[in-house]
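# Survey of secondary and tertiary structure
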Amino acid sequence: MIARVTRRPRQKRIVILGGGFGGVYAAMRLEKLLARESAVEICLVSRDNFFLFTPMLHEVAASDLEITNIVNPLRKLLHKVEVLVGDVHQIDLSAKRVLISRGFRNHPQQIGYDHLVIALGSVTNFYNLPGIAEFAVPMKSLSDAIRLRAQILRHLEEANSECNPTDRQALLTFVVAGGGFAGVETVAALNDFVRHALPFYPNLCEEMLRVMLVHSGPVILPELGQSLGRYAQKVLARRGVEIRFNTRVKSMTEENVSLVDGLSIPTRNLVWTAGAVPSPLIFSLPCPKEQGRLLVNQFLQVPDWPNVWAVGDCAFVPDIRNPGKSHPRTAQHAIREGNIVAQNIAASLSDRPLKSFSFRTIGLLASIGRRMGAARVLGFNFSGFFAWWMWRTIYLSKLPGLDKKVRVAFDWTLHLLFPKDVCAVYDFDHRRDFDRQDHAKNTLWNNRAYQVTARQPLQLTMGTGLTRTDLLRAER
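Residues numbered from 1 in each chain as written. Predicted model: local features only at pLDDT ≥ 70, side-chain atom pairs only at ≥ 80, totals over all residues. Heavy atoms only, no water.

Let's shift gears to the nonpolar core. Ile-70, Leu-116, Ile-118 and Leu-156 are the most contacted members of the largest nonpolar core, which totals 126 residues. Examining the composition of this core, we find that nine residues originate from one element, helix α7 (residues 181–197), more than from any other. Among residues more than four places away in sequence, those in contact with Leu-116 are Val-15, Leu-17, Ile-91, Leu-93, Val-98, Asn-307, Val-308 and Trp-309. With 15 residues, the next largest nonpolar core counts Ala-136, Ala-177, Met-252 and Val-257 among its residues. (Core = buried A, V, L, I, M, F, W, Y, C linked by side-chain atoms within 4.5 Å. Buried < 20%, exposed > 50% of the residue type's maximum accessible area, 1.4 Å probe, protein only. Helix = DSSP H or I, 4+ residues; strand = E, 2+ residues; numbered from the N terminus. Contact = heavy atoms within 4.5 Å.)

Listed below in structure tokens is the structure:
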């Protein structure tokens, strides 16, 4: 049975789909603009009950920040907005209805709307490459960062007790695919984290470690220009990161990563930041699209559907200053798009003129490792410590919530005095990146190592110095 969300008589309902930058900032702005409008209700549908500040995601994976310090509860940010936590399954534009599922039992629920804001963002694109979806770890969500950190520490534990040099090298080889902002910041943070963790493992040394960045172009961070890109390359290379240019990942198995140039890399660690596509729901909508994204006009309206709006990664927002081009899919643009769409919805409800969206990028910043950064702000290039300080200062100011700002600043201060935490706290809901052996090997491991179940992963590193490889050798 499908439940329906009922509205009060004669009320107009604004439904926002997506809890990212575009959706949340649209809801926050609408809440302020329509604070005195009792005849309007606002509803936000989000998969999570929190807003994730994605620019700091790699710092969670590298144990620089605590998990909850870069997330804000939606109900804390939105006091007068109804928050529905669930997955969006269908958007019926003709009937003005949205079908979602809520709760652990996926109860279906229908929501009617008068205005709809589509801010569903994007999902990781694996390009149907063999083994990538099965074995690679993306960097898109908080759970991805948790899984990556857990996998790094688990492989350090295994490598510390591994006797076979080939198997140990595969455990200590880390490959990041994608030389954009996400890939560069991830490989830099990962490299620092692993090298800081090595002193805790007496059988490991830096000579055993291999960290690699795979980029399809000639220069990393192409958005910042060649000068800053080459600077970032020098910094990473000086810190032990190997960079392979003009090539891409072709496939991955349990034990190696293959590149299109023929190189095969023995590794069990691949971080995928090399592509994203709009939410699959976008493709099913009877709306014009450009590059797979919803095409909107200068007012952020979807053509032929005047009460439907789109912002963020899932929208192709035309740049009125550069005809034929779209605005970049960055957080700073999504925030401004959310504010403008809120103003236009409020104007539409009161029959006022709509406002065109136009915004120029203020700056682009990248953290490239320990106290080093690269930035382009208002047309000027900055690098080194000052750029890193700008990165931290600007993003700290953008992080919602005073309490979160204080917590993050406190974490950063503590890391100046104490080493990084190497506790292996696993994500119980995502097991595929922790256990990649086939069924037979898992059965042998479970029988020989305290009958460990899928819900008791911590026992794998407690009470035994044996690795899976050791047990398999013993069996043979």
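Let us look at the pattern of salt bridges. By the definition in use, this model includes 13 salt bridges. A salt bridge links Lys-420 to Asp-64, with the nearest nitrogen and oxygen atoms 3.1 Å apart. Pair noted here: Lys-420 is in the loop between α12 (402–417) and α13 (439–448) and Asp-64 is in the loop between α2 (57–61) and β5 (71–73), with a separation of 356 residues, a long-range link. Asp-64 matches Lys-420 in its accessibility class, with the two residues each being buried. For the salt bridge of Arg-147 with Asp-144, the shortest nitrogen-to-oxygen distance reads 3.0 Å. Residue Arg-147 and its partner Asp-144 are located together in helix α5 (residues 142–160), separated by three residues, close to a single helical turn. For the pair shown, Arg-147 and Asp-144 are each scored as buried. Within the structure, one salt-bridge network assembled from shared partners comprises Arg-154, Glu-158 and Arg-268. (Salt bridge = Lys/Arg side-chain N within 4 Å of Asp/Glu carboxyl O.)

Spatially, β11-β18-β12-β13-β14 is the arrangement adopted by the five strands of the open sheet, whose pairing is parallel. Where the open sheet ends on each side, the last strands, each with one partner, are β11 (137–138) and β14 (241–244). Pairing analysis gives four bridges linking strand β12 (residues 173–177) to strand β18 (residues 269–272), with the strands arranged parallel. Looking across to β18, one finds that Val-176 is bridged to Val-271. (Pairing = 2+ DSSP bridges.)

Our next topic: the pairing of strand β16 (residues 256–259). By the bridge criterion, three bridges tie strand β15 (residues 249–252) to β16 in an arrangement that is antiparallel. Across the sheet, Ser-251 pairs through a bridge with Ser-258, a residue of β16. Linkage of β15 to β16, two consecutive antiparallel strands, is achieved through a turn of three residues. Across three bridges, the pairing between β16 and strand β17 (residues 264–266) is antiparallel. Looking at β17, one finds that Val-257 is bridged to Ile-265. Taking the residues that link successive antiparallel strands as the turn, the β16-β17 hairpin has four residues, and the phi of Gly-262 there is positive, at about 100°.

What follows deals with helix α8 (residues 226–238). With 13 residues, α8 ought to run about 18 Å at 1.5 Å a step, and its terminal C-alpha atoms sit 18 Å apart, in line with that. For α8, the complete set of buried residues consists of Leu-228, Gly-229, Ala-232, Gln-233, Val-235 and Leu-236. For α8, the angular spread of buried residues about the axis comes to 165°, placing them on one side. Exposed residues pointing more than 90 degrees away from the buried face of α8 are listed as Ser-227, Lys-234 and Arg-238. Phi turns positive one or two residues past the end of α8, at Gly-240, with a value near 95°. (Expected span 1.5 Å × (residues − 1). Arc of directions from axis to C-beta.)

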